[in-house]
Amino acid sequence: MTSDDLDRSRPAPAPAGPPADPALLAEIERYYDAVPRTVARVEDFGPLSLFVNEGQGWPYYARPALGHTGPATTAEDVRRVLARQRELGLPEAFEWVAEQTPELRAAVEEAGLTVHEHPLLVLGPDAAPSASADDAAATLPAGVSVRVLGADDPDLASAVAVPHLAFGEPGTALGSAGPDELAAAAEKAAADGTVARIAGRITAGRTVLAAAVRDGSALCAGQHNPVGPVTEVAGVGTLPSGRRQGLGLAVTAALVAHARANGVRTVFLSAADEDVARIYRRAGFRPFATALIAEPATDGTGAADGA
């Protein structure tokens, strides 16, 4: 999960859906295990794996060890990983799928962490998107185009920056961040190496980035990260001052179209909350499970309790 792109507030419960498909859960679990391995080393903690990014980028998390068949995870297992994360200066974070590893929640809560829920939605191999890229593009505001960006695209910096502004003002309502904030964020992303890192991932085929662009600046962007026949759509975010124009739906449709055109069978994503999940349903996604993120409780100011 690209949890840096999630609103960490607890969402309203999602409507009950059909029972989770074991084969689909197993496929998603393999994907979640594979993605961090492209840039991170793995430390073995029995029923848990800790991914440690040794370079730039997201510092990852711990999650259930793929294929573990031994005893269930205990609070002591979680505490051992937490101690190692603190030793390495990493975020104290765990991510997993509730329906795949249901017993982990009790262990992380006993260890003192707070668990946040996010709907997981999938566009399966036989599902046709209800909003095609062409249909979504036809409803865009004047002057806005949606395209997949290459590693040397002049709009890459703003496309990398805009989701971070979006998730800094979570939700779907109009916000305050606008063109000036975007220009500053794009400059920062170029200076700190973030743009170069994403460009490298694009060149390597690990990330595909699409953006809604107007006048040389990205108003909305997102990515998908393919591993074989599976990909996750992640980090779709619209400039807060430019919301409610259908940009997120158009970018999502473009990413789905690219994935399907390049042989991806299963496209999935995690939504910040049920309000966001409703937008993705308009693109043909359906709920199938719940992503869980565990981290230290905060005191209401953003600081971890006891910090």
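Residues numbered from 1 in each chain as written. Predicted model: local features only at pLDDT ≥ 70, side-chain atom pairs only at ≥ 80, totals over all residues. Heavy atoms only, no water.

S.K.: Could you give me a rundown of the overall build of the protein, with the residues and numbers involved?
M.R.: Helix and strand content of the protein: nine helices and eleven strands. At a minimum sequence separation of 6, the contacts of the protein that also span at least 24 residues come to 73%. Per element, the accessible surface of the protein, about 13200 Å² overall, is 53% carbon and sulfur. (Helix = DSSP H or I, 4+ residues; strand = E, 2+ residues; numbered from the N terminus. Contact = heavy atoms within 4.5 Å. Areas by Shrake-Rupley, 256 points an atom, 1.4 Å probe, with all protein chains shown as cover.)

S.K.: Talk me through the packing of aromatic side chains; I want residue IDs and the actual numbers.
M.R.: Within the structure shown, the criterion is met by six aromatic pairs. Considering the side-chain rings of Y31 and F268, the 5.3 Å spacing of their centres and the 90 degrees angle between planes classify their relative orientation as edge-to-face. Within this pair, whereas Y31 is found in helix α1 (residues 22-37), its partner F268 is found in strand β10 (residues 266-270), the two being separated by 237 residues in sequence. Its relative accessible area of 0% is what places F268 among the buried residues. When the ring of Y60 is compared with that of Y61, the centres are 5.6 Å apart and the planes differ by 75 degrees; the resulting orientation is edge-to-face. Here Y60 matches Y61 in class, with each residue buried. By the ring-pair criterion, three or more aromatic residues cluster together here, those being Y31, Y32 and F268. (Phe/Tyr/Trp six-rings, centres within 6.5 Å; stacked < 30°, edge-to-face > 60°. Buried < 20%, exposed > 50% of the residue type's maximum accessible area, 1.4 Å probe, protein only.)

S.K.: Give me the lowdown on the side chain of Q85, citing residues and values where you can.
M.R.: Tracing the chain through its elements places Q85 in helix α2 (residues 75-88). The exposure class of Q85 is buried, given its relative accessible area of 1%.

S.K.: Please provide a residue-by-residue account of the packing of helix α5 (residues 156-168) against helix α7 (residues 194-204), values included.
M.R.: Running from N to C, α5 and α7 point in directions that differ by 105 degrees, and their axes come no closer than 10 Å. It follows that α5 is roughly perpendicular to α7 by the angle criterion. Listed contacts from α7 to L156, A157 and V160 of α5 are T194, V195, I198, A199 and I202. Partitioned by chemical class, the residues of the contact of α5 with α7 number seven nonpolar, one polar and no charged. (Axes fitted to C-alpha atoms, helices over the stretch in contact; angles between N-to-C directions. Parallel < 35°, antiparallel > 145°, perpendicular 65-115°, else oblique. Nonpolar A, V, L, I, M, F, W, Y, C, P; charged D, E, K, R; others polar.)

S.K.: Give me helix α8 (residues 247-261): which residues, what numbers.
M.R.: In an α-helix, one full turn covers 3.6 residues, which means residues spaced three or four apart are oriented alike. Its 15 residues give α8 an end-to-end C-alpha distance of 21 Å, which sits within 8% of 21 Å, the value for a rise of 1.5 Å per residue. Taking burial as the measure, the 15 residues of α8 include eleven buried ones, the bulk of the element. (Expected span 1.5 Å × (residues − 1).)

S.K.: Which residues make up the confidence of the model for the protein, and what values do they have?
M.R.: Averaged over every residue, the pLDDT of the protein is 88; the share at 70 or more is 86%. In this model, residues 1-16 is a region of pLDDT below 50 whose contacts with residues beyond four sequence positions or in other chains number 49 contacts. A low-confidence stretch, residues 300-307 (pLDDT under 50), is modelled with eight contacts involving residues beyond four sequence positions or located in other chains. (pLDDT = per-residue confidence, 0-100.)

S.K.: So, α5: which residues are in play, and what are the values?
M.R.: Buried residues dominate α5, accounting for ten of its 13 residues. Among the structural elements, β6 (145-149), α6 (179-191), α7, β7 (208-214), β8 (217-227) and β9 (230-238) are those in contact with the buried residues of α5.

S.K.: Lay out unusual backbone geometry with the relevant residues and their values.
M.R.: Unlike most non-glycine residues, Y60 shows phi in positive territory, near 55 degrees. Residue Y60 is classed as buried on the basis of its relative accessible area of 10%. Even without being a glycine, R244 presents a positive backbone phi close to 65 degrees. Within the secondary structure, R244 sits in the loop between β9 and α8. For R244, a relative accessible area of 64% puts it in the exposed group.

S.K.: Got a sec to walk through the nonpolar core? Specific residues and values, please.
M.R.: Membership of the largest hydrophobic core comes to 50 residues, with the highest contact counts inside it found for L156, L209, V267 and F285. Here this core takes eight residues from α8, the largest share from any one element. Counting residues in hydrophobic clusters, the runner-up holds 21 residues, among them A62, F94, W96 and V108. (Core = buried A, V, L, I, M, F, W, Y, C linked by side-chain atoms within 4.5 Å.)

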